[in-house]
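# Chain and residue survey
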Amino acid sequence: MYQAIYSFSISDFLEAFPACQKLVLRHAPFRGIDQKSNIVTNTTGSPVAPKHLLRELRLPPTSEMDIPSMVKVLESQNQLRSIEFGGHRHQQRIEDIFEALPVFCPHLTSFVMLIATSSMPNALWINLFNSYPNLWRFHVGGSIMDDSVVRLLPQCCKGLKDLSISHCPNVTFQSVRDILTSCSRLVCLNVGGVELSSEVFTGSVEWACKATLRDLSLRCLQARRADHEQIRYRLEQLVELERLTMCGRHMHMDMMLPPLENMLKDLQGEDQQDVKQEQQEQQEQEQQEQQEQEQQEQQEQEQEQYPYLHECLAPPQPLYPRLKMLRFQEFETLMNVEQTQRFFAEVPEIEAAYMTRCFDSNAITWLSQYRRDLGFGSVRRF
C-alpha cells in the first residue's frame, strides 16, 4: 500500500511502482501555486502503460479530475477491486466513467462515489448494480437516485454488507426499510443528510440483518412518538450491534429502553425474592450468620459510595451487551440521575458516548463523577 501525498500523477506513480496494489491519494496534488494539476495523466502526456496489479484506488477530495484521462487509466487496471471518488466537484462527463467501469474493471466489489452526481440518470446506477453482482460495499453521496434504484441493490447485489447513502433527497424510509428487510448480510448501514421517518422501524416483516448488523447510523431521523416502542423492539433484536447513531427530532430514551417505572418494578420484585431467600438460608444455616453479616456490611459501604448504582448497573441480561459506541442528540425529556444510571446499565461494554442535550444538570454531574467507575472511556457533548 502506498499513500501518495505529493505532486505527481497516477500514471507516473504506477510506472514507478509496478507492484503497487493499493493506491490512496490523501490530498489533491498541485504542480504550482496557481496551476491546475491533472492527477490522472503522466507528466509527459504519454499513454499509461498497461498494469494489472492495482486492486484498490482512492482519489482525493476537491481535486480537478480529467474524465477522459481517468478512463484511460481504468483501461489498464483490469484487476481493480475497489475504487473511491472522494468528493470531487461536479463533473460534466462523469457518466463516461460509469460506462467504462464494467468494460475495463469487471471485478469490482467496492464502489464509493461522493461526487455530486445530480445529473446522473437512474439507468446508469441500475447498469452498475447489474454489472457487479458481487458488490459488497456501496457508498453514494449527492445523487438524485430514488427508491426504485435503492430497492434494486438487494436483488442485484445479494452479498451487500456496507451501504452508505448521504444527501440523496429522493431516497425515503420505504427503500431503506426494504434494505433492512432484504439484506441478510448487511453489517453497516449509514444514512445521512436524508430526512427519514421513523416508519423505517415499523412493519410486520422482520429485519433480515438482525443477526449481522453492527453499525447503524440514521442522522436525520424524524421519530414519531407512536413509533418509540417499535424502534426499541428493532434495536433490541440487533444482537451484534456495536455502534449506534440516531439524531433528529423527537428523540427519547424510550426508543432504547422500556419505561423506567416498569424496570424499577421488576428490580424491586427481584430484590424481594433475594431478601426472602437470604432469610430462609439464615434459618437453615445459623452457622453462616457471621459471614452473611460481613457481606451485608460490605454492601452497605458500596451503597454509600455509589447510591442506587449497585441496584441498577448489573442487570442479568443487558439489552445491548455488545454496544461500544453511542451517539444521540436532543432528547425531548432530559434524563435524570436514576434514568441515566439505568441507561448505562444496559450497555456494559460502552466505550464512548457522544450525547448532546440528553441529560439534566444532576445527571451530568453524576456522569462526571462516576465515569471511570462505569468502565467506559468518555461521555462527551452534554
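Everything in this summary refers to the structure shown in the same document. (Residues numbered from 1 in each chain as written. Predicted model: local features only at pLDDT ≥ 70, side-chain atom pairs only at ≥ 80, totals over all residues. Heavy atoms only, no water.)

## Quick word on the pattern of salt bridges
Opposite charge on two side chains permits them to pair, given that their charged atoms come into close proximity. What counts is decided by this rule: Should a side-chain nitrogen of Lys or Arg be within 4 Å of a carboxyl oxygen of Asp or Glu, the pair is scored as a salt bridge. Elements are defined by DSSP. Helices are runs of H or I of four residues or more, strands are runs of E of two residues or more, and each kind is numbered from the N terminus. Note on classification: 1.4 Å probe, protein chains only; a residue is buried when its accessible area is under 20% of the maximum for its type, exposed when over 50%, partly exposed between these limits.
Using the criterion set out here, one finds 14 salt bridges in the structure. Taking the shortest distance from any N to any O, the salt bridge between Glu330 and Arg357 comes out at 2.5 Å. You can see Glu330 sitting in the loop between strand S12 (325-329) and helix H12 (337-345) and its partner Arg357 sitting in the loop between strand S13 (352-356) and helix H13 (361-374), a full 27 residues away along the chain. A residue is classified by how much of its surface remains accessible, and Glu330, at 34% relative accessible area, is partly exposed. Classification of Arg357 by relative accessible area gives partly exposed; the value is 44%.

## Some words on the pairing of strand S5 (residues 110-113)
Our working definition: Two strands are said to pair when DSSP picks up at least two bridges between them.
The alternating pattern of S5 places Ser110 and Val112 and Phe111 and Met113 on opposite faces, both of which are buried. Note that strand S4 (residues 82-85) and S5 share 4 bridges and pair parallel. Bridge assignment links Glu84 to a residue of S5, and that residue is Val112. When S5 meets strand S6 (residues 137-141), the two strands line up parallel, connected through 4 bridges. The residue bridging Val112 from the neighbouring strand is His139, located in S6.

## Focus: the packing of helix H2 (residues 67-75) against helix H3 (residues 95-104)
Note the following rule: Axis lines are fitted to C-alpha atoms, over the contacting stretch for helices. Their N-to-C directions set the angle, which ranges from 0 to 180 degrees. Each angle gets one of four labels, with under 35 degrees taken as roughly parallel, over 145 as roughly antiparallel, 65 to 115 as roughly perpendicular, and the rest as oblique. By the convention used here, residues are in contact when the closest approach between their heavy atoms is within 4.5 Å. In the scheme used here, Gly and all other residues not listed as nonpolar or charged are polar, with Ala, Val, Leu, Ile, Met, Phe, Trp, Tyr, Cys and Pro taken as nonpolar and Asp, Glu, Lys and Arg as charged.
Viewed as axis vectors pointing N to C, H2 and H3 meet at an angle of 10°, and their least axial separation amounts to 9 Å. Compared by their axis directions, H2 and H3 come out roughly parallel. Residues Ile67, Met70, Val71, Leu74 and Glu75 of H2 pack against Asp96, Ile97, Ala100, Leu101 and Phe104 of H3. Its residues assigned to classes, the contact of H2 with H3 comprises 8 nonpolar, no polar and 2 charged.

## So, unusual backbone geometry
Notably, His250 is not glycine yet its phi reads approximately 60°, a positive angle. If you trace the backbone, His250 turns up in the loop between strand S11 (243-249) and helix H9 (260-284). Overall, the relative accessible area of 33% leaves His250 in the partly exposed class. For Glu330, which is not a glycine, the phi torsion comes out positive at approximately 60°.

## Quick word on the side chain of Thr340
Position of Thr340 among the secondary structure elements: in helix H12. Among the residues examined, Thr340 registers a relative accessible area of 0% and is labelled buried.

## Overview of the packing of aromatic side chains
Test applied: Any two of the Phe, Tyr and Trp rings considered here, Trp counted by its six-membered ring, make a pair once their centres fall within 6.5 Å; the pair's planes then place it as stacked at under 30 degrees, edge-to-face at over 60, or tilted in between. The rule for a charge over a ring is simple: NZ of Lys or CZ of Arg within 6 Å of the ring centre, and within 35 degrees of the ring normal.
Using the criterion set out here, one finds 9 aromatic pairs in the structure. Ring centres of Phe201 and Trp207 lie 5.6 Å apart, and the angle between their planes is 35°; this geometry places the pair in the tilted category. Classification of Phe201 as buried rests on a relative accessible area of 0%. Relative to Phe344, the ring of Phe343 has its centre 5.5 Å away and its plane inclined at 80°; by these criteria the two rings are edge-to-face. Both residues of the pair, Phe343 and Phe344, belong to the buried class. An aromatic cluster of three or more residues is present, and its members are Phe98, Phe111, Trp125, Phe129 and Phe138. Sitting over the face of the ring of Tyr354, Arg327 holds its NZ or CZ atom 4.7 Å from the ring centroid.

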